[in-house]
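Coordinate inspection notes
The chain contents come next:
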Amino acid sequence: MTGTATLSMLPLDYVEFFVFLALLSAVGVWSGRGERGSTADYFLAGRKLPWYAVGGSYVAANVSTEHFVGLVGASYILGIAPALTQWHTSLAEIVIVFLFVPFLIRARVITVPEYLARRFGPGVRLAFALLTIFANITIFMAAVMYAGGLALAGFFGWPLLACIIGTGIFAGGWAVYGGLNTVAWTGVLTAVVKIGGVGLLTLLALKAMTPSGSVVDGFRAVIDANLGQHGLWQQALAASGPHLTQYGDYNRLTVFQPPDHPLIPWTGTFFGFISVGVWYGVMNQFIVQRVLGARDIWHARMGLVMAGYAKLLLPLIIVLPGLILFTRHPEFMLGEWKDVQHRADGGFVVLVQEFLPAGLRGILLAVLICAVQSTVSSVVNATAAILTLDIYVPLLRPDATEKQKVRFGMLASVLAIVAGIIMAIAISRMDAGIYQYMQTINAFVAAPFAAILWVGLLWRRMNGAGAITAIVGGLLAGMAIKAAGYVWTMPSWYYPFGNQAPVCLLISLILCVVGTLAHPAPTPGTEASPVTFWNSGETLREGLGDKWYNSITFWAGLLLALTLLSMLAFSQMFFPTRGS
């Protein structure tokens, strides 16, 4: 699986692609007009985004080339297991909608560090701002630029370095021009194109799986092949299994995996959404920024519920293709294991080569540009907001005018793009797969900040000393846990980040309490009477809707039921592991 052969393109493909670029540019120019008058306009779209723009742009920012390229590759190797990371997000959205959104909207802040400053003081604000900038560049922007460059190189045979640089410059440009309003509305367009384009590829691939041309028959054939009970599929499963678990035969069709699974050990399942999920949806600036820009609490809540449904259905177009690729090419798993991951990351291009005819490939090229543009522009705008409002203004220019703030924000956007390109080039030289690289860093960055958020909203006495103790101690604990696995030989269950992250979260929770009790005095500059879940009943009930069709409770409850049913459908109950 080389993933580097140039795809044949017809004139119609280029017409499709340039029509899309023209439409994207028109939306970008229209939405970015007059959005540079103030920081609220530039960074929060004037707080006027409707629920469908909140949800659509959330999906656009969250689902990018690392999903189409990295998650297809991860699913080729791991089977259905990566779907659980998407369903975790759906569960996390439900928690966020009911417990966290009201606090964020009521605070009327522009950045998450600004919110944390009111609760824990300026020290926490600076620490979180710096770590967010680091995470935005190294986790999100760099991985997306690399995955986009990898796919474009596979499409056209261009040098990977040139593809990375080109995608970074194009994708970040709209964020520099029009701020969050442009990011949000171009995101709605790109979400539709991405889901439609990759959904079409999946349908065509399923139809090609059997002579009948039936999508249902194709799906059955894919499930049968991934059971790995005969032929090359059995050999591929036997070859990959020892690299994925030491607990007997590997099961590609369950989301509940053994304790040593590299992505989703069952031992870390619960902590996945209360730690990474909540941090990602509440404290990750480039995600929460569109929530802060919503018209009101109801629009913010309904937008996230909409995004939860998208994450529920997303495995159909980003995990199922990996299973299709395994059905089509089990032999790719039989080579040297150290080369399998990079070959798997090229699997998306292989699917396009084999199942999408020339004349439709322009749509997939548009999808790739969409995927890069939406996420990178979101991350660039969020990084610029934090650099401007949490570092430049409080530390360097507290008397800066609105015009100066916006001008610095535009400069910060350019710097973020350059840093992201440099990191993307570095990732291209790593051995780990894209998706696992992102999830590993996510897990350790999330733990201490998820801990201070939970404890701060559950315990009124929690203060800045406890937060700083948890941040410093939690990050050091994460590094120590990781380093110990290199210094000493540990049991196989020790190494998955899904097991290490809960330990880091537990340590961070304890440090929150210890640091607060050791220095119980209130942190200067924070709220005299901090809000918690216990004294905010009226706030938590606000914006839930008054009819069944606009009821947040109804639609979130249905989402919860469907998510749990999806997890049950791909469990040991229906797909038992051989020998169990």
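Look up a bit, the structure's there.
A few points on the structure. Once a new chain begins, its residue numbering starts again from 1 and follows that chain's sequence as written. Local features are withheld for residues below a pLDDT of 70 in this predicted model, meaning they are given only at 70 or higher, and side-chain atom pairs are given and counted only at 80 or more; totals for whole chains, interfaces and linings count all residues. No hydrogens and no water enter the side-chain calculation; it runs on all heavy atoms of the structure.

**Comments concerning the packing of aromatic side chains**
The cut-off we apply is this: When the centres of two rings from Phe, Tyr and Trp lie within 6.5 Å, Trp using its six-membered ring, the rings pair. Their planes under 30 degrees apart give stacked, over 60 give edge-to-face, and anything left gives tilted. Note on conventions: DSSP H or I runs of at least 4 residues are helices, E runs of at least 2 residues are strands, and numbering of each starts at the N terminus. Throughout, exposure labels follow a simple rule: accessible area from a 1.4 Å probe, protein chains only, divided by the maximum for the residue type, with under 20% read as buried, over 50% as exposed, and the rest as partly exposed. Any Lys NZ or Arg CZ found within 6 Å of a ring centre and within 35 degrees of that ring's normal is scored as a charge over the ring.
Using the criterion set out here, one finds 15 aromatic pairs in the structure. Geometrically, the ring pair formed by Tyr392 and Phe408 is stacked, given 4.0 Å between the ring centres and 5° between the ring planes. In this pair, Tyr392 sits in helix H19 (residues 361-396) while Phe408 sits in helix H20 (residues 402-427), placing the two residues 16 residues apart along the sequence. Aromatic pair Phe554 and Trp555: ring centres 4.8 Å apart, planes at 80°, arrangement edge-to-face. The class for Phe554 is partly exposed, based on a relative accessible area of 39%. A relative accessible area of 26% means that Trp555 is categorised as partly exposed. Among the aromatic residues, those joined into a ring-pair cluster are Phe100, Phe103, Trp454 and Phe533. For the cation-ring pair, Arg252 lies above Phe326, with the distance from its terminal atom to the ring centre recorded as 3.8 Å.

**A short note on the pattern of salt bridges**
The condition is simple: Within this document, salt bridges are pairs made up of a side-chain nitrogen of Lys or Arg and a carboxyl oxygen of Asp or Glu, the two lying within 4 Å of each other.
Per the stated rule, a full pass over the model turns up 6 salt bridges. Arg328 is the salt-bridge partner of Glu354, the closest N and O atoms lying 3.1 Å from each other. Residue Glu354 is found in helix H18 (residues 347-355), and its partner Arg328 is found in helix H16 (residues 320-328); the two are separated by 26 residues along the sequence. We classify Glu354 as partly exposed; its relative accessible area is 33%. By relative accessible area, which is 37% here, Arg328 ends up partly exposed. Notably, a salt bridge pairs Lys405 with Glu402, separated by 3.4 Å at the nearest N-O pair. Pair noted here: Lys405 and Glu402 are both in helix H20, with a separation of 3 residues, about one helical turn.

**Focus on the packing of helix H22 (residues 464-487) against helix H23 (residues 497-518)**
Let me state the cut-off plainly: For helices, the fitted axis covers only the stretch in contact; all axes are lines through C-alpha atoms, and the angles between them, taken along N-to-C directions, range from 0 to 180 degrees. Roughly parallel covers angles under 35 degrees, roughly antiparallel covers those over 145, roughly perpendicular covers 65 to 115, and oblique covers all other angles. Left-handed describes a crossing whose near helix is turned anticlockwise from the far helix through less than a right angle; right-handed describes the clockwise counterpart. Any two residues having at least one pair of non-hydrogen atoms within 4.5 Å are treated as being in contact.
One can describe the packing of H22 onto H23 by two numbers: an axis separation of 8 Å at closest approach and a directional angle of 150°. By the criterion of interaxial angle, the relationship of H22 to H23 is roughly antiparallel. The handedness of the crossing between H22 and H23 comes out as right-handed. Packed against H22, whose contacting residues are Ala465, Gly466, Thr469, Ala470, Gly473, Gly474, Ala477, Gly478, Ile481 and Lys482, the element H23 presents Phe497, Gln500, Val503, Cys504, Ile507, Ser508, Leu511, Cys512, Gly515 and Thr516 at the interface.

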